[in-house]
Amino acid sequence: MALADKIKKVFKTSCELSAMFIRNCKKLLLLDVFLGISREVRQLIITVLPSVAIWLCAGCEYTVVSAVIAAMVAAIAVLGILIENGQCNLSDNSLHATNTLYYFLNGKNARLDLKDAEDGAITDKYYKAFDNIYNFSDVHYDIFCVLIGKLISFVIMSAFIISVDIRLYPIVLAENVIVLIIKAKKDRIDHSFEEKISKNTKRVKYLSELLYDFEAGRDLRVYNGNDMVSNRYMKEILHARSIEIKKQRKDFFIDLIISVLGLGQLFLIYLLAINKYAVGGILLANFILYVSASNQIASSISEIVRTVSELHTASVYYEDFNEYMELKETIREKGNDIPFAGSSVPFIEFKNVSFKYPNQESYSLENFSCSIEYGDHISIVGDNGAGKSTFVKLLLRLYEPTAGTICYKGKDIREYDFDSYQAVFAPVFQDYVLNAFSIRENLIFDYDERNDRIKPALEKTGMYDKIVNIGLDRPYSRKFFEDGIELSGGEQQRLVISRAYCKNSEVLILDEPTAAIDPLSERRLFEDIFSNIGEVTSIMISHRMSCSKFSNRIFVMDHGRLVEQGSHGELMGKNGLYASMYNRQAQYYS
C-alpha cells in the first residue's frame, strides 16, 4: 500500500474512532479543542516573553515594562489553572467514554452465538480486543487537542522562521520523516508482541481465578493441588515477563535511534542561530526568539509526527476491536415475530432434528422428533451422553439444528425475535450460578417489576421462611461481603428454581439442576416443586428416574435418538430401556 493510502486510511480510521468516543460523551470535543488551543497560546506567550522583555527594556519605561511582563505572567498562570481543570474534566469524561466501549464489547460477547463463544480462537480475539481498547482510547485527544494545537503553533512560528532563515525547514522535516518511518516499524513490532501477550493473559486470568475461587479451592486443598496451580501461574507470569523484556529491548534500541536524531536536530538549530547572530543577521532579542521558535517548530513537528504515529498505532489495534465487534450474531439476526400468549396445538415440536457440535463428526441428536403440548410435564431421561442437554440448547436457540425444524406454537423458532423467544423459557441449568449480589438481585436481577413475584416463587420451593429470616437484601457469598451468607447445595438449587419462577415464563426447564444432591433429597425437592407448579409447562432433564413419576409423559433418549415415550406406567409395562434404568436405580428411591 502506498504511503499516501496508508496515511489516508489512518486518518479515516481515526476520525471514525473519534466520532465513536464523542457520540458516547459530547463534552470530549469541546474539552479537546479548548485544551489544544489554550496550551499552545500559553506556550506561545512563554516563547516570546524573553524577547518581548528585551525589546521593551531597550525603549520603554520601567513601569510599562513591568506592567506588560506582569500581564503576560498572569496570563500564563490563569491559562495554567484553566488547562489543569480542563485536563481533569477531560480525564473523567474520557474514562466514561472508554468504559462505554468495554460495555459494548462485553455486550457483544454476551450476544454471540454459543458456538462462537465456546470457540478458543474467538475467545482469543475477545481478549485481544479487550486489552487493546486502552491503546486507542486517546484518539480524539490526539486529533482535536494535540494535532490541531500543534498545527496552530507550527503555522505561527513558521511565519517568523521563514522571515529569518528557511534552511531550518528541510533539516527538521527530514529528521521527523525518518522518525515517522521508524515509529511505524516500531508499531508493527509492538503489535506482534501484544498478540503474544494477549494469549498469555487468558491463561493467567484463568489460573488466578482458580486460586481465589471458593469452589475450586476445596478441591485444590483436598488434593493438595495448590502448588501445581501456583507453579503454573508463576510460569505464565514469567513467560509474560520474558515477552515484555524482549519487547522492551527492541523498543530501547529504536528509542535510542530517535533520541540521537533529536539531539542532532537540536545541535543544527543552535549552529544556524549562532552563525546568523555572529554575522549580524539578527539582533539579540531576535536570536533568542529564533532559537525558541526553532525549538518550538521542531517540537511541533515532532509532536505531529508522534501523534500521526500514535494514530497509526491506534488504527492497528482498532482493527482487532472492530474485527470482534463485526462478528456475525447469526442466531439473533434471524426472526422478527413476537410469540403470542396462550396455548397452541402443538405447543413445541421437533421435526426430524439432527445436530452435531462444531468440529465433531458424530451427531449428538439424530432424526429426533417429538411434540409437547401446553401444560405438559415432560421428563427427558437417559444415560450421560444421550443428548438430553443438547435437546435443551436447541430448544433455547443457543445452537441451530444441523438439519430438521423446531417449532413453537406452529412456527419455526427461527422466525421469532430472539429476545422475545427467550422470554418464553425459564431454564435452570446443572452448572447454575449464584452471584455475589444480594438475594433479591439473585432472584430478579434489576427487574424491579418482578418484586411482587418473589414471595410466591419462594413459597413454591419452600424457601420463603428461610429467606425472610436471612433478609432479601443481604448479600450472598462471603467473597466480597463480611456479612454475606452461604447456602447449602439443596438450598442453592431451590433458590435458583425460585429465580426461574420469578421470570414468570410459559415453560420451566430443569436441566439436571439437582445432579449434585442425593436421589432422596432430589425427590423431596421435586415433590415441593410439583405440588405448586400450576399450569406452567415443564421440561425436566435427568439421568435419574426420581423425577419421572411427577411427569405425565416421559421421553427416553439413547445416543441422540428418542427410543421410548409414554407415562411411567406405560413405559414400565413395555419392559424396555426405561424399565431397565428405573429398576437399576429403584433402590435409591425407597
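Residues numbered from 1 in each chain as written. Predicted model: local features only at pLDDT ≥ 70, side-chain atom pairs only at ≥ 80, totals over all residues. Heavy atoms only, no water.

**What about the packing of helix H3 (residues 62-111) against helix H5 (residues 120-132)?**
Two elements in contact, H3 and H5, have axes whose closest approach is 10 Å; the angle formed by their N-to-C orientations is 170 degrees. Relative to H5, the element H3 lies roughly antiparallel. Residue-level contacts link Tyr102, Leu105, Asn106 and Asn109 of H3 to Tyr126, Ala129 and Phe130 of H5. (Axes fitted to C-alpha atoms, helices over the stretch in contact; angles between N-to-C directions. Helix = DSSP H or I, 4+ residues; strand = E, 2+ residues; numbered from the N terminus. Parallel < 35°, antiparallel > 145°, perpendicular 65-115°, else oblique. Contact = heavy atoms within 4.5 Å.)

**As for the sheet that holds strand S8 (residues 537-542)**
With respect to topology, six strands assemble into an open sheet ordered S6-S7-S8-S3-S9-S10, the strand pairing being mixed. Because the sheet does not close on itself, it has two edges, and the strands there are strand S6 (425-429) and strand S10 (561-566). Neighbouring strand axes in the sheet, compared pairwise and without regard to direction, differ in orientation by 15 degrees on average. Both strand S3 (residues 377-381) and S8 contribute to a ladder of five bridges, which runs parallel. Bridging from a neighbouring strand, isoleucine 378 pairs with isoleucine 539 of S8. In the packing of helix H11 (residues 388-395) onto the sheet, the strands contacted are S3, S6, strand S7 (507-511), S8 and strand S9 (553-558), and the crossing angle to S8 comes to about 145 degrees. (Pairing = 2+ DSSP bridges.)

**Some remarks on a negative patch on the surface**
A grouping of Glu441, Asp446, Asp448 and Glu449 is seen on the molecular surface, where their side chains present a negatively charged patch. Inspection of the secondary structure puts glutamate 449 in the loop between helix H13 (439-444) and helix H14 (454-460). (Patch = residues over 30% accessible without salt bridge, like charges linked within 9 Å, V, L, I, M, F, W, Y side chains within 5 Å. Areas by Shrake-Rupley, 256 points an atom, 1.4 Å probe, with all protein chains shown as cover. Salt bridge = Lys/Arg side-chain N within 4 Å of Asp/Glu carboxyl O. Lys, Arg positive; Asp, Glu negative; His and termini not counted. Charge placed at Lys NZ, Arg CZ, Asp CG, Glu CD.)

**What to know about the nonpolar core**
Inside soluble globular proteins, nonpolar side chains tend to come together where they are buried. Counting residues in hydrophobic clusters, the biggest one holds 34 residues, and the most contacted among them are Phe136, Phe321 and Tyr324. If you list the elements that add at least two residues to this core, you get helix H1 (3-24), helix H2 (27-59), H3, H5, helix H6 (139-164) and helix H10 (284-325). The next biggest cluster of nonpolar side chains, apart from the first, holds 32 residues, and it includes Leu365, Ala386, Val392 and Phe425. (Core = buried A, V, L, I, M, F, W, Y, C linked by side-chain atoms within 4.5 Å. Buried < 20%, exposed > 50% of the residue type's maximum accessible area, 1.4 Å probe, protein only.)

**Some remarks on the state of the cysteines**
Counting across every chain of the model gives zero disulfides. With no disulfide of its own, cysteine 145 lies closest to cysteine 88 among cysteine sulfurs, the gap being 14 Å. Taking relative accessible area as the criterion, cysteine 145 reaches 2% and is therefore assigned buried. (Disulfide = S-S within 2.5 Å.)

**A word on the pairing of S9**
Judged by how many residues are buried, S9 sits mostly within the fold: five of six residues are covered. Both S3 and S9 contribute to a ladder of four bridges, which runs parallel. Of the residues in S9, the one forming a bridge with isoleucine 380 is phenylalanine 555. In this sheet, S10 lies alongside S9 in antiparallel orientation, the contact comprising five bridges. Directly across from valine 556, in S10, lies its bridge partner glutamate 564. With antiparallel pairing between neighbouring strands as the criterion, S9 and S10 make up a hairpin whose turn holds two residues, including histidine 559 at a positive phi of roughly 50 degrees.

**A look at the packing of aromatic side chains**
Scanning all chains against the criterion turns up 23 aromatic pairs. Look at phenylalanine 355 and tyrosine 399: their rings are 5.3 Å apart centre to centre, the planes differ by 55 degrees, and that puts the pair in the tilted class. With phenylalanine 355 in strand S1 (residues 348-355) and tyrosine 399 in the loop between H11 and strand S4 (403-408), the pair connects residues that are 44 residues apart, well separated along the chain. Taking the relative accessible area as the measure of exposure, phenylalanine 355 reaches 3% and is therefore buried. When the centroid spacing of 5.7 Å and the interplanar angle of 65 degrees are considered together, the rings of tyrosine 408 and tyrosine 416 count as edge-to-face. For the pair tyrosine 408 and tyrosine 416, a shared accessibility class is recorded, and that class is buried. Grouped by ring-pair contacts, the aromatic residues Phe347, Tyr374, Tyr408, Tyr416, Tyr421 and Phe425 constitute a single cluster. When the ring centre of tyrosine 363 is taken as origin, the NZ or CZ atom of lysine 356, which lies over that ring, is 5.1 Å away. The ring of tyrosine 447 has arginine 450 lying over it, and the distance from NZ or CZ to the ring centre is 4.2 Å. (Phe/Tyr/Trp six-rings, centres within 6.5 Å; stacked < 30°, edge-to-face > 60°. Lys NZ or Arg CZ within 6 Å of the ring centre and 35° of its normal.)

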